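Tertiary structure, described
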Amino acid sequence: MSKKETCFSPVNMPTDIAVICPVFGLRFTHFYNAPKNYDSFIFTNNPSIKPIIEKAGWKYVFVDMPLTDDDLISTMQSKYVKFLQFLNDKKFSDFKKYGRIIHTDHKLELKDRHIRKIVKIQNKPVLQRNHRVKRTNIWQEVAGSMQQERYSQHARDMVDYICKKIDQGYTDSCAAHQLCTNGLLSYHKPDNPKTRRFLSEVYNDGCETEICQDQIIWFMVAQKYSDIIHVIDWHDLDIRWRDPAKSEWILPMILKLRRKDAHTILLLFGLIPFFKIKRKKPKI
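Since the model is a prediction, treat every value here as computed from it, not as a measurement. (Residues numbered from 1 in each chain as written. Predicted model: local features only at pLDDT ≥ 70, side-chain atom pairs only at ≥ 80, totals over all residues. Heavy atoms only, no water.)

Brief notes about the sheet that holds strand β7 (residues 180-188)
Reading across the sheet, the seven strands line up as β3-β2-β1-β4-β7-β6-β8 and stay open at both edges, with mixed pairing between neighbours. At either end of the open sheet lies a strand with only one pairing partner, and these are β3 (59-62) and β8 (229-232). The mean inter-strand angle of the sheet, taken between neighbouring strand axes irrespective of direction, is 25°. Bridging between strand β6 (residues 126-130) and β8 involves four bridges; their strand directions are parallel. Along β8, the bridge assignment pairs arginine 129 with isoleucine 232. (Pairing = 2+ DSSP bridges. Helix = DSSP H or I, 4+ residues; strand = E, 2+ residues; numbered from the N terminus. Axes fitted to C-alpha atoms, helices over the stretch in contact; angles between N-to-C directions.)

Laid out in structure tokens, this is it:
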């Protein structure tokens, strides 16, 4: 192992790293296990899921916001954590001790090895992954967003917001500015004044327009903050992306099947290599 690799071993990793995951509303009941060696926090306004959160190894942080089954409202509430606005509140002053705060969506199975690589490669205050679906302009992202009701109900607001930004000199082209995803965000030195200004602008634009599709707002605002944003390829981090509630039904389903059927399912999923199957020799 080279010296460069050694300096990012678990022993020599920075200790002032926090992982944060906001889950607001009533629809969250399953969580991936927290990264093992880092302070990991789930922020929520739903006290009933505290036992589930702690069982998965996360630290429970209560945020005093109205609890609702409205996905649009809950998504907007989560931006308060996602874009570090909670650092402005004295109740959360303990988080100012962290030199790096990594935001993860609950659908991402973030592990220690991913954090080590983030620390190794991040060379600007903000790190994020590009969009796994290539877009040539922001309007394609708007069209894709229409498949989800919480986004589609504010389609007119999205269009008006983008047009307003274009009038101010921003571009809708993804050629000069990459369209990125916000499920994983790493903030190195989160007290950086320019980082905080950028995040406040993204957050405030979202609150004013009620656009909860923050990738669109981020894309527009980030055009004047590109010097602090490090964009990596989606595949640079092999993070599993799947709703943890859905990932838990596969194995139990297989176990409930008859042995013969379960073997077939495992074979189809590639969990049993075909060439390792032993066939019984026919009796002569």
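Describing the packing of helix α7 (residues 155-167) against helix α8 (residues 193-209)
At a closest axis distance of 11 Å, the pairing of α7 and α8 adopts a crossing angle of 130°. Put simply, α7 runs oblique to α8. Here the hand of the crossing between α7 and α8 comes out right-handed. Of α8, the residues touching α7 (which contributes Asp157, Tyr161 and Lys165) are Glu201, Asp205 and Thr209. Of the residues assigned to the contact of α7 with α8, the class counts are one nonpolar, one polar and four charged. (Parallel < 35°, antiparallel > 145°, perpendicular 65-115°, else oblique. Left-handed = near helix turned anticlockwise from the far one by under 90°. Contact = heavy atoms within 4.5 Å. Nonpolar A, V, L, I, M, F, W, Y, C, P; charged D, E, K, R; others polar.)

Examining the packing of aromatic side chains
For the structure on display, the rule yields eleven aromatic pairs. Summarising the aromatic geometry, the rings of phenylalanine 43 and phenylalanine 95 are spaced 5.4 Å apart at their centres and angled 45° between planes, so their arrangement reads as tilted. Of this pair, phenylalanine 43 sits in strand β2 (residues 39-44) while phenylalanine 95 sits in the loop between α3 (71-82) and β4 (100-104); the two residues are 52 residues apart in sequence, bridging distant segments of the chain. Looking at phenylalanine 95, the relative accessible area reads 7%, which means it is buried. Aromatic pair phenylalanine 95 and tyrosine 98: ring centres 6.0 Å apart, planes at 45°, arrangement tilted. Aromatic ring contacts, followed pair by pair, group Phe41, Phe43, Phe86, Phe92, Phe95 and Tyr98 into a single cluster. Its end group placed over the ring of tryptophan 234, arginine 129 keeps NZ or CZ at 3.8 Å from the ring centre. The residue whose ring lies beneath arginine 132 is tryptophan 241, and the NZ or CZ to ring-centre distance is 5.0 Å. (Phe/Tyr/Trp six-rings, centres within 6.5 Å; stacked < 30°, edge-to-face > 60°. Buried < 20%, exposed > 50% of the residue type's maximum accessible area, 1.4 Å probe, protein only. Lys NZ or Arg CZ within 6 Å of the ring centre and 35° of its normal.)

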